[in-house]
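Descriptive structure summary
Each chain, letter by letter, is given below.
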Amino acid sequence: MDDLSVRRCTAREVARIAAGEAEGKDYARRTFARQSAGECAYLVAWIDDEPVGSGELEWAPVPELKNLQVAATHRRHGIGSAIVAAAEAEAAGFTRIWIGVSEDNPDARRLYERLGYTPTGRTETYSYTYVAADGATHAVTETAEYLEKRLAR
Ligand SMILES: CC(C)(COP(=O)(O)OP(=O)(O)OC[C@H]1O[C@@H](n2cnc3c(N)ncnc32)[C@H](O)[C@@H]1OP(=O)(O)O)[C@@H](O)C(=O)NCCC(=O)NCCS
C-alpha cells in the first residue's frame, strides 16, 4: 500500500490518535507514556493523517508484539503484516520475537504463521478489561499461545 506508513508514535501524534478513541479508553496516551519510559515501542500505522492500526513491542524479557489491531474498515490490506514487519525491524539485534495469540483467534494465528512464526507450546491465561467502542467496559479471561520467530542477526 503506497501511502501506508508504520512508525513509532511521537508526542505530536498522540492527541490525534486519542481523539479517535472511545471515551475513557486512554490507550494511546498510556502506551505513549510506556514508550517514553523505555518499556515498549508504540508502533502506529497511518494512511495520510489517519491512524489505522497499532501494536506495542515490549522489550522484556524477549521482544514481544502485543495488542496488534487494525481498524475494522482497513483490514485485509496488509496493514497488520506491515506492523509485524515494523516490530521485527525494531527488534533487530535480538535473536527472536514473540507474539501471543488467543486460542479463539485463528485468523490472527494464520497470519502470524504465514509470516514465519511457529508455536512455542507456551501458553498463558490472563484477565483484562477493555472499553468497547460503545464505551461499555468488558472483563475477559483468555488463554494465549506464544508464537516465535527467529530473527536474522
Ligand atoms: C489480526 C489483524 C491485526 C490483522 O490485520 P490485517 O491488516 O487485516 O492483516 P493483513 O491484511 O496483513 O493480513 C490479513 C489477511 O489479509 C490478506 N491480505 C493482505 N493484503 C491483502 C490485500 N491487499 N488484499 C486481500 N487480502 C490481503 C493476508 O494474506 C491475510 O490473509 P490470511 O488471513 O489468510 O493470512 C486484524 O484482523 C485485527 O485487528 N483483528 C482484531 C484484533 C486482533 O485480533 N488482533 C490480534 C491479536 S493477537
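Residues numbered from 1 in each chain as written. Predicted model: local features only at pLDDT ≥ 70, side-chain atom pairs only at ≥ 80, totals over all residues. Heavy atoms only, no water.

**A word on the packing of aromatic side chains**
The geometry of an aromatic ring pair is captured by two quantities: the separation of the ring centres and the angle between the planes. Note the threshold: Pairing of aromatic rings covers Phe, Tyr and the six-membered ring of Trp, with a centre-to-centre limit of 6.5 Å; geometry is then stacked below 30 degrees between planes, edge-to-face above 60, and tilted otherwise. Numbered from the N terminus, helices here are DSSP runs of H or I no shorter than four residues, and strands are runs of E no shorter than two. Throughout, exposure labels follow a simple rule: accessible area from a 1.4 Å probe, protein chains only, divided by the maximum for the residue type, with under 20% read as buried, over 50% as exposed, and the rest as partly exposed.
On inspection of all chains with the given rule, the structure shows six aromatic pairs. Each ring, one from Trp59 and one from Phe94, has its centre 5.9 Å from the other, and the planes form 20°; the classification is stacked. One end of the pair, Trp59, is in the loop between β3 (50-58) and β4 (64-70); the other, Phe94, is in the loop between α3 (79-90) and β5 (96-102), with 35 residues separating them in the sequence. The exposure class of Phe94 is partly exposed, given its relative accessible area of 35%.

**Quick notes on the site of the ligand**
Quick reminder of the rule: Here, proximity means that at least one heavy atom of the residue falls within 4 Å of the molecule or strand. Two N or O atoms form a polar contact when they lie within 3.5 Å of each other; inside protein one atom must be a possible hydrogen donor and the other a possible acceptor, and for residues adjacent in sequence the pair counts only when both atoms belong to side chains. Here the open area of atoms and residues is found with the Shrake-Rupley method and a 1.4 Å probe, where only the protein chains shown may cover a residue.
Neighbouring the ligand are 17 residues, the closest being Leu68, Val70, Gly78, Ser81 and Asn105. Interatomic distance of 2.7 Å between a backbone N/O atom of Gly78 and an oxygen atom of the ligand. The fraction of the free accessible surface of the ligand (940 Å²) that becomes covered by protein chains is 69%. Contributions of two or more residues to the shell around the ligand are made by β4, α3 and α4 (106-114). Tallying contributions element by element places α4 first for the shell around the ligand, with five residues.

**Describing the sheet that holds strand β6 (residues 118-131)**
Let me state the cut-off plainly: Whether two strands pair depends on DSSP finding at least two bridges between them. Only the stretch in contact is used when a helix axis is fitted, and all axes are lines through C-alpha atoms; the angle between N-to-C directions ranges over 0 to 180 degrees.
The seven strands are arranged β1-β2-β3-β4-β5-β7-β6 in an open sheet whose pairing can be described as mixed. Unpaired on one side and paired on the other, β1 (4-8) and β6 mark the two borders of the sheet. Put simply, the sheet's adjacent strands are angled 30° from each other on average, direction ignored. Pairing of β1 with strand β2 (residues 40-47) involves five bridges; the strand directions are antiparallel.

**Some remarks on the pattern of salt bridges**
To keep things clear, this is the line we draw: Think of a salt bridge as a Lys or Arg side-chain nitrogen and an Asp or Glu carboxyl oxygen that are within 4 Å of each other.
Tallied over the entire structure, the rule returns 14 salt bridges. Between Glu88 and Lys149 there is a salt bridge, and its shortest N-O distance comes to 3.2 Å. Of the two residues, Glu88 sits in helix α3 while Lys149 sits in strand β7 (residues 137-150), which places them 61 residues apart along the sequence. Assigned by exposure class, Glu88 and Lys149 land together as buried. Residue Asp107 is joined to Arg110 by a salt bridge in which the shortest nitrogen-to-oxygen separation is 3.3 Å. Highlighted residues: Asp107 and Arg110, both in helix α4, separated by three residues, approximately one helical turn. Beyond isolated ion pairs, a larger network of salt bridges with shared partners links Arg34, Glu39, Glu56, Glu58 and Lys66.

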